[in-house]
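Take a look at the letters that make up each chain.
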Amino acid sequence: MDRLDALKVFCTVVETGSFRSGADRLGVSTSSVTNQIAALEARFGVRLLNRTTRRMSLTDEGRHCYQMAQRILGDVGTLEDDLSGAHLEPRGLLRVDMPGLVSRLFVAPVLPSFLDRYPDITIRATVSDRLVDMVEEGIDVMVRIGSLPDSGLVARHLMPTKYICCASPAYLQRFGVPTRPEDLVDHRCLNFVLPKTRQIRSWQFIRPDQPDEAALQHSPAGRIAMDHVDSLIAMCEAGAGIAQFMSLSVSEQLRDGRLIAILTDWQAPGPSVSALYQHRHHRVARVQVFLDFLVDIFKEKISARD
């Protein structure tokens, strides 16, 4: 038994969710996959997968094996890249993880053009906002919004954001336009609930005459608070009130006129968008061309916005 091949089969089964799907992806028979997993379990002396006629799940040992296997296969892949000249030619499997907002608005619409430009690259993308261990999960490039973990990863800045207060044209026509944060007390405000802490997020402002000072924290009262940004945007479009969003979230609505930015002199800077990768991948061509692709995408968006 080739243990590296067996580990690759095991990881594929875990990622696809079944022996048959794993076999289809690998282009082998289901019985071959079954035998490889059985041989791996016999080699380690533990059960890696719980399987019934209806479902399959990882055992604790299987979960640990999967995490370690991802790291081992990633290291082997890096070695193969170095020895085969992959740092010169963009090719191979590229694993990417990014937030849904970034995927929907920025990356997914233009990803086909990237694949046309680099026909030897295959992309496996996951869309999430969760904390991801790039090493354990074998991620090559991860896009994140906000403060970056002190993890030894290399960061490439993609875009700054700012906090924008906005409302629908119909709401502003009916209730008027506030000119200072203090005026929000007379308006219907829609608040965002932070999913992790379940606390209402404070609104951020800077004084027009003191733009270099720290942002002011303001918490307007409101009858509606929600932890789902898209739903909050939909309510704002429907005229339910005023809300403060990260500029990235409402760029389409502001461009189309469905929402109008207000209190623009008081806008505070928001979290930055960055691409993260492991230092050991700094010479891998497929990683570098994808990073350059991301930089170009966001640069175009910034130019179009300005």
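For the structure, check the block above.
Since this is a predicted model, take the numbers as computed values, not measurements. (Residues numbered from 1 in each chain as written. Predicted model: local features only at pLDDT ≥ 70, side-chain atom pairs only at ≥ 80, totals over all residues. Heavy atoms only, no water.)

1. Topic: the pattern of salt bridges
For the coordinates displayed, the defined rule picks out twelve salt bridges. Measuring nitrogen to oxygen at the nearest pair gives 2.8 Å for the salt bridge that ties Glu-15 to Arg-124. Highlighted residues: Glu-15 in helix α1 (residues 3-16) and Arg-124 in strand β4 (residues 121-127), separated in sequence by 109 residues. Residue Arg-124 is classed as partly exposed on the basis of its relative accessible area, which comes to 27%. A salt bridge links Arg-104 to Glu-252; the nearest nitrogen and oxygen atoms lie 3.7 Å apart. A residue pair is termed long-range when its members are at least 10 positions apart, and Arg-104 in helix α5 (residues 100-107) and Glu-252 in helix α10 (residues 251-256) qualify at 148 residues. Judged by relative accessible area, which is 44%, Arg-104 ranks as partly exposed. Its relative accessible area of 26% is what places Glu-252 among the partly exposed residues. (Salt bridge = Lys/Arg side-chain N within 4 Å of Asp/Glu carboxyl O. Helix = DSSP H or I, 4+ residues; strand = E, 2+ residues; numbered from the N terminus. Buried < 20%, exposed > 50% of the residue type's maximum accessible area, 1.4 Å probe, protein only.)

2. Topic: the packing of aromatic side chains
The geometry of an aromatic ring pair comes down to the distance between the two centres and the angle between the two planes. Scanning the entire structure with this criterion turns up six aromatic pairs. Judged by centre distance (5.1 Å) and plane angle (50°), the ring pair of Phe-114 and Tyr-118 falls under tilted. Residues Phe-114 and Phe-290 carry aromatic rings whose centres are separated by 5.3 Å and whose planes lie at 80° to one another, so their mutual orientation is edge-to-face. Of this pair, Phe-114 sits in helix α6 (residues 111-117) while Phe-290 sits in helix α11 (residues 285-305), and the two are 176 residues apart along the sequence. No difference in accessibility class separates Phe-114 from Phe-290, as the two residues are buried. (Phe/Tyr/Trp six-rings, centres within 6.5 Å; stacked < 30°, edge-to-face > 60°.)

3. As for the sheet that holds β4
With mixed pairing, the five strands of this open sheet are ordered in space as β4-β3-β5-β14-β6. If you trace the sheet from one side to the other, it starts and ends with β4 and β6 (154-159), each paired once. Direction aside, the axes of adjacent strands within the sheet are offset by 20° on average. Packed on one face of the sheet, α5 meets β3 (92-98), β4, β5 (141-145) and β6 and runs near 115° to β3. (Pairing = 2+ DSSP bridges. Axes fitted to C-alpha atoms, helices over the stretch in contact; angles between N-to-C directions. Contact = heavy atoms within 4.5 Å.)

4. Describing the sheet that holds strand β11 (residues 224-226)
One open sheet holds the five strands; their spatial order is β11-β8-β12-β7-β13, and the pairing between them is mixed. Whereas interior strands pair on both sides, the edge strands pair on one side only; in this sheet they are β11 and β13 (260-262). Neighbouring strand axes in the sheet, compared pairwise and without regard to direction, differ in orientation by 40° on average. When strand β8 (residues 189-192) meets β11, the two strands line up parallel, connected through three bridges. For Leu-190, the partnering residue across the bridge sits in β11 and is Ile-224.

5. A closer look at the pairing of strand β12 (residues 242-246)
Summarising burial for β12: five of the five residues are buried, a large majority. Neither face of β12 is exposed, since Ile-242, Gln-244 and Met-246 on one face and Ala-243 and Phe-245 on the opposite face are all buried. The sheet contact formed by strand β7 (residues 163-167) and β12 spans four bridges and is antiparallel. Its bridge partner lying in β12, Ile-164 is registered against Phe-245. Where β8 and β12 come together, two bridges link them in parallel fashion. Its bridge partner being in β12, Leu-190 is matched across the sheet by Ala-243.

6. Observations concerning a nonpolar patch on the surface
Taken together, Leu-4, Met-68 and Ile-72 make up a surface patch of nonpolar side chains, about 220 Å² in accessible area. Take Leu-4: it is sitting in helix α1. Overall, Leu-4 belongs to the partly exposed group, its relative accessible area being 36%. (Patch = residues over 30% accessible without salt bridge, like charges linked within 9 Å, V, L, I, M, F, W, Y side chains within 5 Å. Areas by Shrake-Rupley, 256 points an atom, 1.4 Å probe, with all protein chains shown as cover.)

7. Points about the nonpolar core
Residues Phe-106, Phe-114, Leu-158, Leu-248, Phe-290, Leu-294 and Phe-298 are the most contacted members of the largest nonpolar core, which totals 31 residues. Those elements giving two or more residues to this core turn out to be β3, α5, α6, β5, β6, β14 (273-277) and α11. With nine residues, the top contributor of residues to this core is α11. With 18 residues, the next largest nonpolar core counts Ala-6, Val-9, Phe-10 and Ala-23 among its residues. (Core = buried A, V, L, I, M, F, W, Y, C linked by side-chain atoms within 4.5 Å.)

8. Points about unusual backbone geometry
One non-glycine residue, Arg-198, adopts positive backbone phi at about 65°. Its location among the elements puts Arg-198 in the loop between β8 and β9 (203-205). A positive phi angle, close to 50°, is found at Leu-263, a residue other than glycine. Note on placement: Leu-263 falls in the loop between β13 and β14. By relative accessible area, Leu-263 is classed as buried at 7%.

9. Topic: the side chain of Gln-253
Among the structural elements, Gln-253 can be located in helix α10. Residue classification places Gln-253 among the buried residues on the basis of a relative accessible area of 8%. Those residues in contact with Gln-253 that lie beyond four places of it in its chain are Ile-233, Glu-237, Arg-258 and Leu-259.

Interpretation note: all reported values are geometric properties and have no functional meaning in isolation.
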